[in-house]
Amino acid sequence: MTQPGTMTPMSKEMQDCVQACMSCYTVCEEAMSSCMHMGGQPQMQIMRAIMDCSEMTRMCADMIMRRSPLAAEMCAMCAKACDMCAEACMSMPDDKMMMRCAEACRRCAEMCRTMAGARM
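Residues numbered from 1 in each chain as written. Predicted model: local features only at pLDDT ≥ 70, side-chain atom pairs only at ≥ 80, totals over all residues. Heavy atoms only, no water.

Novice: Account for the side chain of Asp95, with residues named and values stated.
Specialist: Following the sequence through the fold, Asp95 ends up in the loop between helix H3 (71-89) and helix H4 (96-116). There is no salt bridge for the buried Asp95, and the closest opposite charge comes from Arg100, which lies 8.9 Å off by N-O distance. Only 2.9 Å separates the side chain of Asp95 from the backbone nitrogen of Met97, close enough to count as a polar contact. Once residues lying within four places of it in the same chain are set aside, the contact partners of Asp95 are Ser34 and Met38. (Helix = DSSP H or I, 4+ residues; strand = E, 2+ residues; numbered from the N terminus. Buried < 20%, exposed > 50% of the residue type's maximum accessible area, 1.4 Å probe, protein only. Lys, Arg positive; Asp, Glu negative; His and termini not counted. Salt bridge = Lys/Arg side-chain N within 4 Å of Asp/Glu carboxyl O. Polar contact = N/O pair within 3.5 Å; in protein donor to acceptor, adjacent residues only side chain to side chain. Contact = heavy atoms within 4.5 Å.)

Quick look at the structure:
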């Protein structure tokens, strides 16, 4: 029995999604820094996708952890941002950082799609 005003512990799926979001956020921040060092117009397009993904993953993790009633919708949007970021990063297949970012984004998108269909 839980006390009034307390929340039930996060499920394994919720914990996994939060972890995937936070890992993706971290890798996106590193990738953004890498893009800034490269410079150039093509990197600006990639940076926009990375920035969107970074913000979405951080916010998504926060919303899941606080059991926001909007978390499922946020997970769906986060999955879309992660897909877009992965696609943008794949435009630089020879860059290890961009490939690492694309992989983290794919993993996060998969977890978020699962959570978008789950009750939280």
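Don't stop here, the text continues.
Novice: Describe the environment of Cys53, listing the residues and the values that go with them.
Specialist: Inspection of the secondary structure puts Cys53 in helix H2 (residues 41-65). Not counting the four nearest positions on each side in its chain, Cys53 is found in contact with Cys24, Cys28, Ala81, Cys82, Cys85 and Cys105.

Novice: Tell me about the nonpolar core, residues and numbers included.
Specialist: Residues Ile50, Met98, Cys105 and Cys112 are the most contacted members of the largest nonpolar core, which totals 43 residues. Counting residues per element, the ones that place at least two in this core are helix H1 (12-38), H2, H3 and H4. Aside from chain neighbours lying at most four places away, what touches Cys105 is Cys24, Cys28, Cys53, Cys82, Cys85 and Ala86. (Core = buried A, V, L, I, M, F, W, Y, C linked by side-chain atoms within 4.5 Å.)

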